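Each chain, written out:
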Amino acid sequence: MADEAAPRPGPSRAPHAGQRDLTTGRIAPTLLAFALPTLGSSILQSLNGSINAVWVGRFLGEDALAATSNANIVMFLCMAFVFGFGMASTILIGQAWGRGNVDEARRVFGTASGGFAVITVLIAIAGYYLAPAILHLLGTPGDAAPLALAYLRVIFLALPALLLLTLLMMALRGSGDSLTPLWFMMVAVVLDSGLNPFFIRGIGPIPRMGIAGSAMSTLVGNYVSLIGLFIYIYAKDLPLRLRGRELRYLIPSPAILKTLLIKGLPMGIQMIVISMSALALVGMVNREGVDTTAAFGVAMQLWTYIQMPAMALGAAVSAMVSQNIGAGKWDRVGQVTRVGIVQSLLITGGLIVALTLADRTVLALFMGPDSPALPIARHIHLLATWNFLLFGVMMVLFATVRANGAVWAPLIILAVGMVPVRFGYILGAYGWLGADAIWTSFPVTSAINLVLAAAYYLNGSWRKAHMSMAQYADSDECTEEALATREPGGALNPTG
C-alpha cells in the first residue's frame, strides 16, 4: 500500500520482538498478525470464566454459582470503566507513537498508570466496606448473599491488579505490541484457573477458603501477572517504560487525565448500554419458559466466541488507525478500514458457516442430544447468529472514527439501536412473530446500527474530531492542542 509522499518519521526506537510498526508495510498481513494475539487474549479470558464456573459449580453448588454471578455484575461495571479509560489511552499513545514522539507516549502512559492506580485502590477500599450494601442493592437472593459477600470482598482486593493489568495491556497495544499482553494474560489465566480448586478445597498447605478461594485465585493470578509484566517491561526495556526523570510522569497531568476521562467515558458507557440491553432481553426471554431460556443461554455461550474476531479486529484497527493518523498517513486510514471490514466478514462468516453446519453437535455439548431445548437453540442460532457479520463491520467503522477522537456518535448510534429500535421492534412484531420477534431483533438492530455507522463514516465529519491533550513546554506548563494532524482541506476542528 502506498504511503504519503512525505510521511512523518516513525518512533526513534527500534521495535522489540513483539512490536509492530503499524504505519508502514502491507496492511492486510500486519493487521491480521496484530489482531490474532488480541483474539487469543479474549479467548483465554472467556475460557477462564468458564473453567472457574465449573470449579465453583462442582465443588460448591448452585448457591455459590449464583453468588459469583451477582459479584461479577459489579466487576463488569468496573471493567466497563477501565475499558473506556484504556481505549482512550490506547488511542493517545497510538497517535503519539505514529508521530514518532516516544516521550509523549510515555507521558500518556504515566498519567494513565499513575492516575488509575490511585483510583483502583480507592475503589477497592470503598468496595470492600460497601460490599454488603452493594449486594443488597442488587437484590442478591438470601441463600446466596453470605457467599456473594465473601467472594465479592476478595474480588475487590483483586481489583487494582485486574484493572491495572488490563490498562497496561491496552497501552502496550497502542504502541504496536499485542504479543506481550497475550503472554501475561496467559500467566493470569493459568494461575487463576489452576489455583481455583486448591484455594476452594484447601489442598496441601493452602487453607480451605470455599467460595472466597475462587476469588483468591483471581487475586493471586492477576497480581503475579501484573508484577511479572512490570519486570518484563524493564528487563526488555520496552518503549513505554519510565526511568529517572520520566518517573515524574506517574504524577497525573490534569490535561491528559481530563482528556482520558472525557473521551473514555462514552466508550465505557457503551459497554454498560450493551449489558443493560442484554439484561432486559433476558427478562423477555424468561417469559417464554424454561426450555427457551436454556436454549437462549446456550446460544449466548456460542455468541461470546463468534463475536471475538470482530472485537479483536476492531481493537487492532483502532490501534493501527491511531498510529497512522499520528503519522499523517490519511490514505492508509481508509485502507485499514476496508481491510478490517473484509477480514471481519471472512473470519466471522467462516465461523458462522462452520457452526451452522455442526450446530446440533456443538449445541449438544451444552445441553445433551435429547434435550427439548436443543431444537429451540438451533432455531435461535439460525435466525440470529448471522447478525454478527453486520456487527463486525460496524465495529471496524466505530474503531476507525474513535481513533480520531469521535466517541459520542458511536455511543449514540449504539444506544439508538440497542434500546428504542430493538425493543420497539420486539413489541411491535411479537403479536405475529411470537418469540421469533426476539431472535430476529438481533439482525434488525445490527442492520440499523450498521446503516447509521456507515452514514456517519462516509459523511466524514469524524475526521474533524480530535483527541486533545497537553503539549508540554520545558516548564511543564501546558496548553490544549489537537493531536489529529492536518488534512489537505485545512485545520481539523473539534466536533465532539
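Chemist: Sorry if this is basic, but what is going on with a nonpolar patch on the surface here?
Modeler: Where nonpolar side chains cluster on the molecular surface, the patch consists of Leu 32, Leu 36, Val 342, Leu 346 and Ile 347 and spans about 430 Å² of accessible area. Elements with a contribution of two residues or more to the nonpolar patch: helix 1 (27-60) and helix 10 (330-357). When residues of the nonpolar patch are assigned to their parent elements, the largest contribution, 3 residues, is made by helix 10. In this structure, Leu 32 sits in helix 1. Accessibility expressed as a relative area gives 32% for Leu 32, which makes it partly exposed.

Chemist: Just to check I follow, could you spell out the pattern of salt bridges for this structure?
Modeler: One side chain can pair with another of opposite charge once the charged atoms of both are near each other. Scanning all chains against the criterion turns up 7 salt bridges. A network of salt bridges, in which partner residues are shared, links Arg 106, Asp 237, Arg 241, Arg 243 and Glu 246.

Chemist: Would you mind going over the side chain of Arg 241 with me for this structure?
Modeler: Along the chain, the position of Arg 241 falls in the loop between helix 6 (211-235) and helix 7 (254-286). A distance of 3.0 Å separates polar atoms of two side chains, one belonging to Arg 241 and the other to Glu 246. In contact with Arg 241, other than residues within four places in its own chain, are Arg 106, Ile 233, Tyr 234 and Glu 246.

Chemist: I tried to follow the environment of Arg 26 on my own but got confused; where do I start?
Modeler: Secondary-structure assignment places Arg 26 in the segment before helix 1. Residue Arg 26 is classed as exposed on the basis of its relative accessible area of 61%. When the C-alpha atoms of Arg 26 and Val 336 are compared, they prove to be 9.9 Å apart, with 310 residues separating the residues in sequence.

Chemist: How should I be thinking about helix 13 (residues 387-402) in this particular structure?
Modeler: Note: α-helices contain 3.6 residues per turn, so residues at a spacing of three or four share the same orientation. In a regular helix each residue adds 1.5 Å, so 16 residues correspond to 22 Å; helix 13 covers 22 Å between its end C-alpha atoms and thus fits that length. In terms of residue burial, helix 13 counts as a mostly covered element, since 15 of its 16 residues are buried.

Calculation notes
- Residues numbered from 1 in each chain as written.
- Predicted model: local features only at pLDDT ≥ 70, side-chain atom pairs only at ≥ 80, totals over all residues.
- Heavy atoms only, no water.
- Patch = residues over 30% accessible without salt bridge, like charges linked within 9 Å, V, L, I, M, F, W, Y side chains within 5 Å.
- Areas by Shrake-Rupley, 256 points an atom, 1.4 Å probe, with all protein chains shown as cover.
- Salt bridge = Lys/Arg side-chain N within 4 Å of Asp/Glu carboxyl O.
- Helix = DSSP H or I, 4+ residues; strand = E, 2+ residues; numbered from the N terminus.
- Buried < 20%, exposed > 50% of the residue type's maximum accessible area, 1.4 Å probe, protein only.
- Polar contact = N/O pair within 3.5 Å; in protein donor to acceptor, adjacent residues only side chain to side chain.
- Contact = heavy atoms within 4.5 Å.
- Expected span 1.5 Å × (residues − 1).

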